[in-house]
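# Architecture at a glance
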Amino acid sequence: MDPSMMAGLDGLGAEDQAKMASMIDQLQLRDSLRMYNSLVERCFVDCVDSFTRKTLQKQEETCVLRCAEKFLKHTMRVGQRFGELNQNAPTQD
């Protein structure tokens, strides 16, 4: 887990910190799996047209690779932008 996330939990006891860390880890795992499933579904629907073979055709394979690359680049850029906006946001003290 990201150490910066734990910074806000300093006022909690060790047991509560461990519970919160576990919950945060579970949420991160869930979000990662959702993103992966979304990627697979989107690229499959957009790229796979034929079910006459058990392997992808060359154009389908190329499409899937491009789709996955675009999806991951987009996700990384959104994450970077969110981080930039989060750093510039005024803090509430």
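Preceding block: the structure.
Okay, so let's go over this structure. The model shown is predicted, which means the values in this text are computed figures rather than measured ones. (Residues numbered from 1 in each chain as written. Predicted model: local features only at pLDDT ≥ 70, side-chain atom pairs only at ≥ 80, totals over all residues. Heavy atoms only, no water.)

Scanning all chains against the criterion turns up five salt bridges. A salt bridge links Glu84 to Arg77; its shortest N-O distance comes to 3.8 Å. Here Glu84 makes a salt bridge to Arg81, at a shortest N to O gap of 3.3 Å. Residue Glu84 and its partner Arg81 are both found in helix 3 (residues 58-88); the two are separated by three residues, about one turn of the helix. (Salt bridge = Lys/Arg side-chain N within 4 Å of Asp/Glu carboxyl O. Helix = DSSP H or I, 4+ residues; strand = E, 2+ residues; numbered from the N terminus.)

Here we come to the environment of Val64. Checked against the element boundaries, Val64 lands in helix 3. Put simply, Val64 and Asp46 are 18 residues apart on the chain and 8.2 Å apart in space, counted from C-alpha to C-alpha. Not counting chain neighbours up to four residues away, the residues in contact with Val64 comprise Cys43, Cys47 and Leu56. (Contact = heavy atoms within 4.5 Å.)

Further remarks concern the packing of aromatic side chains. Inspection of every chain in the model, using the stated rule, returns one aromatic pair. On the basis of an interplanar angle of 45° and a centroid distance of 6.0 Å, the ring pair of Phe44 and Phe51 is categorised as tilted. Taking relative accessible area as the criterion, Phe44 reaches 41% and is therefore assigned partly exposed. For Phe51, a relative accessible area of 64% gives the class exposed. (Phe/Tyr/Trp six-rings, centres within 6.5 Å; stacked < 30°, edge-to-face > 60°. Buried < 20%, exposed > 50% of the residue type's maximum accessible area, 1.4 Å probe, protein only.)

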